[in-house]
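Chain and residue survey
Here's the letter readout for the chains.
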Amino acid sequence: MRLPVKGKAPVIIGLVLLMIVASFTVLATGDEAPVSQYYATFWAMVPPLVAIALALITKEVYSSLFIGIALGGFLSANWNPIGALDNVINAGLIDAVSGTAGIFIFLVILGAMVALINKAGGSAAFGRWAETHIKSRIGAMFATFVLGILIFIDDYFNCLTVGSVMRPVTDTHKISRAKFAFLIDATAAPICMIAPVSSWAAAVAEFTEGTGYSGIELFIRAIPYNYYSLLMIVFVIAIILMRFDYGPMRIHEFNAMNKGDLFTSGQDNVETAESVEANPKGRVIDLILPVIILVITSVAGLLYIGGFFGVDLWGGTDNAGSLVGSFGNTDATVGLPWGALIALIFTIVYLIARRVVTFKEAMACIPKGFNAMVPAIMILTFATALKNMTSMLGAAEYVEALMDSAAAGLANFLPAIIFIVACILAFSTGTSWGTFGILIPIVLSIFEPASPLLIVGVSACLAGAVCGDHCSPISDTTIMSSAGSQSNHVNHVSTQLPYAITVAIISFVTYLLAAFTTNPYILLAVGIALTLGTLFVLKALYAKKEA
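Worth saying up front: this structure is predicted, and the values here are computed from it rather than measured.

**A closer look at the packing of helix α20 (residues 414-429) against helix α24 (residues 489-513)**
- α24 packs onto α20 with a crossing angle of 155° between their chain directions and a minimal axis gap of 7 Å. The angle between α20 and α24 falls in the class roughly antiparallel. Our pair here, α20 against α24, has a crossing hand that is right-handed. Touching P415, A416, F419 and I420 of α20 are A504, S507, F508, Y511 and L512, all from α24.
- Split by residue class, the contact of α20 with α24 holds 8 nonpolar, 1 polar and no charged.

Right, dumping it as structure tokens:
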């Protein structure tokens, strides 16, 4: 018998309520939610892989990331809809916002500073100066590259500062935003990973117990074997001097040079803080001085939070007066906003005193700066939530099991295997710090402290973590590079991927050769030769094809 419409409503409502009660009953059994049946299996890697594939195929990053988050929520809750919603909201999005709130503040403050400097005419004045002092595209790219190397303290700070300072220069010389984003990204994480005084070195030092080395000593010993970072420097210098690009980047550079189109596609999805009328009285000092103050206060903030000046954020005094110890103990999500807020206040007061902006104009620049950073904040939130889902599914345990199985019978080739595993894990999770935090303890358990392959294995782990982070569209550093260059995020990922994969393959070969010799200089020479040889062959092939 068919129920009348009015009779259906109570039945439907009752069924829905029954499903909700059943779902809550499942969640309520035991003190904790039941472990997912997909925990520590290949399915732990599926949500980020689906999100990355969708982002590259559809060129739409927000929905792609959210689909990955939702899939992770369902897998972690064993397809329980209420449990999945709880995981997505609480363990995913809310934890993502709370965990990265400090970086959000830093982004908004930096966006406001950029808008202020643009309004005051500082960026326009710097662009005019660059026209007379940096007279070629090669010079503009080298200037970006060198500045990126000099700002090695922290990758977030590197990406956003280099982007803000060099964007007027690269725009003047018709360098595509995709190429600009690559230059920023190539000198962010790869450089931080071989800089002994950086937040990255400090993070690595935390995992060195039982090696017989101090944290900073192990990090320094690993630098000559970090082939991805070292060869990426060689690669960037080579493509600049050779004036050569390949893959999707070639199209972007062609359009920038010949059509004046810096974006090629996706420009409508890029918010900028530059849609303001610049003051013609602005001078170069109006850009340089705020940036110098930002650098000084941000570094001071990192040291202060780490306890360099006496007491750290947590009340400890162990790192008083210790530069390395303070960087190892600091928290960038607190230290960078600490310094940036001081720099913002200084910039407002300075520009008003210079009479290049009024107080009302200065206050109007703050929401403009916020608007410019909204896309980066949204992508960072979704990417962090996706990482949280991956952690809930036991990605670390799955990778540990793979490493244990690979250790049997392949000891000499373990550095190459470690490099590949680190690449895949960092690419899938979007975090290099999380990757080497997972893998370094495993590497230390595999190799004896006296083994000559211990340092090579640790360095392969670090290099693979940076490589995967460099390739991944859900990596925070990749997102920051897109924000700093004001490039479309998917364009940045798709154009950078062929370059990163090229260097990754060459790095993998060098780690394979480490089975036969652990001399870092021989292996580095081989890697440099392979890098240059690959680029010359590719250039010849492109020239032949276009002839």
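**A few points about the packing of helix α5 (residues 101-120) against helix α15 (residues 285-306)**
- In contact at an axis separation of 9 Å, α5 and α15 are set at 160° when each is read in the N-to-C sense. In terms of orientation, α5 and α15 fall into the roughly antiparallel class. The interaxial crossing formed by α5 with α15 has right-handed handedness. Across from F106, L110, M113, I117 and A120 in α5, the residues of α15 making contact are D286, L287, P290, L294 and S298.

**Topic: the pattern of salt bridges**
- All told, the structure shown has 6 salt bridges when counted by the stated rule.
- Its salt-bridge partner being R354, residue D286 comes within 2.7 Å of it at the nearest N-O pair. Here D286 is found in helix α15, whereas its partner R354 is found in the loop between α17 (332-353) and α18 (359-392), with 68 residues between them in sequence.
- You can call D286 buried: its relative accessible area is 0%.
- When salt bridges that share partners are traced, they join R137, K179, D245 and E253 into one network.

**Concerning empty space enclosed by the protein**
- Following the criterion strictly, the structure yields 3 cavities of 30 Å³ or more and no others.
- The space that makes up the largest cavity amounts to roughly 110 Å³.
- L110, M113, V114, I117, N118, S123, T161, S164, V165, L287, V291 and L294 are the residues that line the largest cavity.
- Elements represented by at least two residues in the lining of the largest cavity include exactly α5, α8 (155-172) and α15.

**Digging into the packing of aromatic side chains**
- This model, assessed by the stated rule, comprises 19 aromatic pairs.
- Note on Y38 and W79: the rings are 6.5 Å apart at their centroids and 90° apart in plane angle, and the pair reads as edge-to-face. Of this pair, Y38 sits in the loop between α1 (5-28) and α2 (46-58) while W79 sits in the loop between α3 (61-76) and α4 (81-99), and the two are 41 residues apart along the sequence.
- Each ring, one from F74 and one from W79, has its centre 5.8 Å from the other, and the planes form 25°; the classification is stacked.
- Residue class for F74 comes out partly exposed when judged on its relative accessible area of 33%.
- For W79, a relative accessible area of 44% puts it in the partly exposed group.
- These aromatic residues form a ring-pair network of at least three members: F182, F235, F244, Y246, Y499 and Y542.

**Quick notes on the side chain of S481**
- With respect to the secondary-structure elements, S481 resides in helix α23 (residues 476-485).
- For S481, the residues in contact, after removing those within four places along its chain, are C159, A181, I184, D185 and H492.

**Things to note about unusual backbone geometry**
- You will see that K174, though not glycine, has its phi angle at about 55°, which is positive.
- Among the structural elements, K174 can be located in the loop between α8 and α9 (177-186).
- On the basis of relative accessible area, K174 is assigned to the partly exposed category, the value being 40%.
- A positive phi is found at R355, a non-glycine position, where the angle reads about 60°.
- The residue R355 is located in the loop between α17 and α18 in this model.

**What about the environment of E400?**
- Of note, E400 is situated in helix α19 (residues 395-407).
- Exposure remark for E400: the relative accessible area of 38% places this residue in the partly exposed category.
- Sequence separation between E400 and I442 is 42 residues, and the spatial gap between their C-alpha atoms is 6.9 Å.

**Some remarks on the nonpolar core**
- F182, Y228, F235, F419, F436 and L439 are the most contacted members of the largest nonpolar core, which has 151 residues in total.
- In this structure, F182 is in contact with M232, F235, V236, I239, M249, H492, Q496 and Y499, ignoring residues within four places of it in sequence.

**Focus: the state of the cysteines**
- The full count for this structure, using the stated rule, is 0 disulfides.
- Not engaged in a disulfide, the cysteine C159 finds its nearest cysteine sulfur in C192; these two sulfurs lie 8.1 Å apart.
- C159 sits in the buried class, given a relative accessible area of 0%.
- C467 forms no disulfide, and the closest cysteine sulfur to it belongs to C423, at a distance of 3.6 Å.
- Owing to a relative accessible area of 2%, C467 belongs among the buried residues under this scheme.

Conventions we followed
- Residues numbered from 1 in each chain as written.
- Predicted model: local features only at pLDDT ≥ 70, side-chain atom pairs only at ≥ 80, totals over all residues.
- Heavy atoms only, no water.
- Axes fitted to C-alpha atoms, helices over the stretch in contact; angles between N-to-C directions.
- Helix = DSSP H or I, 4+ residues; strand = E, 2+ residues; numbered from the N terminus.
- Parallel < 35°, antiparallel > 145°, perpendicular 65-115°, else oblique.
- Left-handed = near helix turned anticlockwise from the far one by under 90°.
- Contact = heavy atoms within 4.5 Å.
- Nonpolar A, V, L, I, M, F, W, Y, C, P; charged D, E, K, R; others polar.
- Salt bridge = Lys/Arg side-chain N within 4 Å of Asp/Glu carboxyl O.
- Buried < 20%, exposed > 50% of the residue type's maximum accessible area, 1.4 Å probe, protein only.
- 1 Å grid on protein atoms, 1.4 Å probe; cavity = no way out; pocket = protein on both sides within 12 Å on 5 of 7 lines; lining within 4 Å.
- Points joined across faces, edges and corners; volume = space filled by probe spheres on them.
- Phe/Tyr/Trp six-rings, centres within 6.5 Å; stacked < 30°, edge-to-face > 60°.
- Core = buried A, V, L, I, M, F, W, Y, C linked by side-chain atoms within 4.5 Å.
- Disulfide = S-S within 2.5 Å.

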